[in-house]
Amino acid sequence: MKQATKSRLPASRVRGADVTKKEKWLGYLIGPAGALLLNAVLATYLNVYYTDVLKLTTVWGGAFLVVFPIVSKGIDAITNVVMGYVIDRTHTAEGKARPWLLLSAPLLAITGILLFTVPRASETVQVIWVMASYNLFYSFAYTIFNMSHNLMVPLSTRDTTQRGGLSVFNQIATIMMSGILVALVFPMAIMPMIGVDKGKWIAFMSVLIILVLPLTLLEYFFTKERVTLENQEAGADNAVPFKNQLRAIFTDKYMILIYAYFLIYTIGSCIKNVSLVYFCNYVLGTYNDGITQTMLSVIGGIPMGIGIFAVWPLARKFGKRNVTLAGFLLYAIGGAVCWISPTNMAMMLVGQFIKNIGGLPCAYVFMALFADVLDHMEWKTDFRSDGIAMSVYNIIAVAMVGICTGIFNGMLSSAGYVAPEIVNGVTVAAAQTEAVKGVITFGFVGLEVFCGVILAVLLIFLNVEQDIDRKQAEIKARQGGKG
């Protein structure tokens, strides 16, 4: 048995064997909110900063904003694999993933600020700064945070009820807190105020980024890796050869299915997120009108608020897979309603409401379903592959952001997108062609119709939870024998 090293890391404030209310609120809701909020802001507005503030749309004949995100995410994919390998071979008294949360806190703050402090210099200097800062943040700092953060729910406990509750709390941080600021406050107050003024962008984002540091430390102190510590005590934490972990992951039908499911969902979500601002500015509303995006977000936020109370009881009664499958059928129907009349606010609001109700189960229970797959794999192979499994998950998440952003930017550029200008201190938007509006509309409402149908079909075969209680009982019996 490989003993956990006697670490000098600050100890977790969580002591008990069962999940506590303080752990839920501080470790899984408030703590992650800083980094998740920052990521949500960047997912929606960093590309706007590049196209409208720095005006990089025409660099390299329009190729820079197409190639650079894709290449960067290739680098990010490599660092995710490395990070997964490192986590699986980290042995401390505080666990294997939590120690990396501690390191990520200052790194996120430093590299996040670098994203926006691009110097007023030559085009070459700006391009180098953008590429360097982007990769320092996403391929280094955020990779460390995201890998360790995403493992907190699967490693927190084997109790499926408690784990499901933590999954819901964890997603509230993403959906509710991030949604309120990104989807409501930003379009209503922030974007009209900062426009395309670079100095205002830097000042506002710096304040937001600095908040990440104390909140991420809060997540570190109020989480606990019970599964990891349980395996250490039972002598089941010996390092497994990397090739064995990879073989286990890519030969398991449930893991392959959940990766395919997450891939399709991420493609649709990434294209939708990057096109949201453009859709509100040029198709449904007018540039930074402060109303259009807010209306869409309010309608989207109502179902998400209801979901806090409704989704988990439904998932416990009917099954996580079944509720999510039914949800994606509604998701596709809602998207189709939006696509029929994308310039009609009433139709858009109805369609968004239906779509967001359908997206509730995926939003709140996915990580609990992923945790079931990880337990299933441990039952099947007699070893954990959390770090490597999460690295593949994160590769999908980060690679698709870059690939989808690059594709969307390429489509915008080829369709003839024209960035706004500052005239006499006022931001003035250009009129876009029908081709540009068509690209934006498909990105925001069209693609997810197809994604919803495909996801519903995939979920038919993902029935991992039907006997997970028996498998968990067998895992504990094995550990008892080893002990």
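For the structure, see preceding data.
Residues numbered from 1 in each chain as written. Predicted model: local features only at pLDDT ≥ 70, side-chain atom pairs only at ≥ 80, totals over all residues. Heavy atoms only, no water.

Q: Explain the overall build of the protein chain to me, please; I cannot follow it from the model alone.
A: Within the protein chain, the secondary structure is distributed over 18 helices and 2 strands. Expected size for 483 residues packed as a compact globule is a radius of gyration near 23 Å; at 22 Å, the protein chain falls within 12% of this value. Seen through its principal axes, the protein chain has C-alpha atoms that stretch 75 × 45 × 40 Å. Scored against the burial criterion, the 483 residues of the protein chain give a buried share of 59%. Partitioning the contacts of the protein chain with sequence separation of at least 6, the portion at a separation of at least 24 is 85%. (Helix = DSSP H or I, 4+ residues; strand = E, 2+ residues; numbered from the N terminus. Rg over C-alpha atoms; globule rule 2.2 N^0.38 Å. Buried < 20%, exposed > 50% of the residue type's maximum accessible area, 1.4 Å probe, protein only. Contact = heavy atoms within 4.5 Å.)

Q: Help me understand the side chain of Ser-391 in this model?
A: Of note, Ser-391 is situated in helix α16 (residues 386–415). Once you skip the residues sitting within four places of it in the chain, Ser-391 turns out to touch Asn-80, Val-81, Gly-84 and Met-147.

Q: Would you explain the packing of aromatic side chains in this entry?
A: Aromatic rings in a pair are described by how distant their centres are and how their planes are angled relative to each other. For the structure on display, the rule yields 34 aromatic pairs. For the ring pair Phe-137 and Tyr-138, a centre distance of 4.8 Å and an interplane angle of 85° mean the geometry is edge-to-face. We note that Phe-137, like Tyr-138, is buried. By way of ring pairs, the aromatic residues Tyr-49, Tyr-50, Trp-60, Phe-64, Phe-68, Phe-116, Tyr-134, Phe-137, Tyr-138, Tyr-142, Phe-145 and Trp-201 are connected into one cluster. Directly above the ring of Tyr-138 sits Lys-73, whose terminal nitrogen or CZ lies 3.8 Å from the centroid. The ring of Tyr-85 is capped by Arg-89, whose NZ or CZ atom sits 3.9 Å from the centre of that ring. (Phe/Tyr/Trp six-rings, centres within 6.5 Å; stacked < 30°, edge-to-face > 60°. Lys NZ or Arg CZ within 6 Å of the ring centre and 35° of its normal.)

Q: How should a nonpolar patch on the surface be read in this particular structure?
A: Together, Val-298, Ile-302, Leu-330, Ile-333, Phe-353 and Ile-357 make up an exposed nonpolar region whose accessible area comes to about 450 Å². For the nonpolar patch, the elements supplying multiple residues, two or more each, are α12 (292–318), α13 (320–340) and α14 (345–358). Mapped onto the elements, Ile-357 comes out in helix α14. (Patch = residues over 30% accessible without salt bridge, like charges linked within 9 Å, V, L, I, M, F, W, Y side chains within 5 Å. Areas by Shrake-Rupley, 256 points an atom, 1.4 Å probe, with all protein chains shown as cover. Salt bridge = Lys/Arg side-chain N within 4 Å of Asp/Glu carboxyl O.)

Q: Help me out: how do you make sense of the pattern of salt bridges in this one?
A: A side chain of one charge can pair with a side chain of the opposite charge if their charged atoms are brought near each other. In total, this model carries 23 salt bridges according to the counting rule given. The shortest N-O distance in the salt bridge between Glu-94 and Arg-98 comes to 2.9 Å. Classification of Glu-94 as buried rests on a relative accessible area of 12%. Put simply, Asp-375 and Arg-384 hold a salt bridge, and the shortest N to O gap is 2.7 Å. Since its relative accessible area comes to 0%, Asp-375 is described here as buried. Note on Arg-384: relative accessible area 8%, which makes it buried. One continuous salt-bridge network, built from bridges that share partners, spans Asp-88, Lys-96, Arg-158, Arg-163, Glu-230, Lys-320, Asp-372, Asp-375, Glu-378, Arg-384, Asp-386 and Glu-465.

Q: Any chance you could explain the packing of helix α10 (residues 242–250) against α16 here in plain terms?
A: Relative placement of two packed helices is described by the angle separating their axes and the distance separating the axes. Packing of α10 against α16 leaves a shortest axis separation of 9 Å and a crossing angle of 60°. When the axes of α10 and α16 are compared, the pair comes out oblique. Here α10 and α16 pass one another in a crossing that is right-handed. Of the residues in α16, those touching α10 at Phe-242, Gln-245, Leu-246, Ile-249 and Phe-250 are Ile-388, Ala-389 and Val-392. Per-class residue counts for the contact of α10 with α16 are 7 nonpolar, 1 polar and no charged. (Axes fitted to C-alpha atoms, helices over the stretch in contact; angles between N-to-C directions. Parallel < 35°, antiparallel > 145°, perpendicular 65-115°, else oblique. Left-handed = near helix turned anticlockwise from the far one by under 90°. Nonpolar A, V, L, I, M, F, W, Y, C, P; charged D, E, K, R; others polar.)

Q: So what exactly am I meant to see when it comes to the nonpolar core here?
A: Nonpolar side chains in soluble globular proteins tend to end up buried together. Membership of the largest hydrophobic core comes to 141 residues, with the highest contact counts inside it found for Tyr-50, Met-255, Ile-258, Tyr-259 and Phe-370. Looking at this core, the element that brings in the most residues is helix α11 (residues 253–284), giving 19 residues. Excluding anything up to four places from it in sequence, Ile-258 contacts Phe-366, Leu-369, Phe-370, Val-373 and Leu-462. (Core = buried A, V, L, I, M, F, W, Y, C linked by side-chain atoms within 4.5 Å.)

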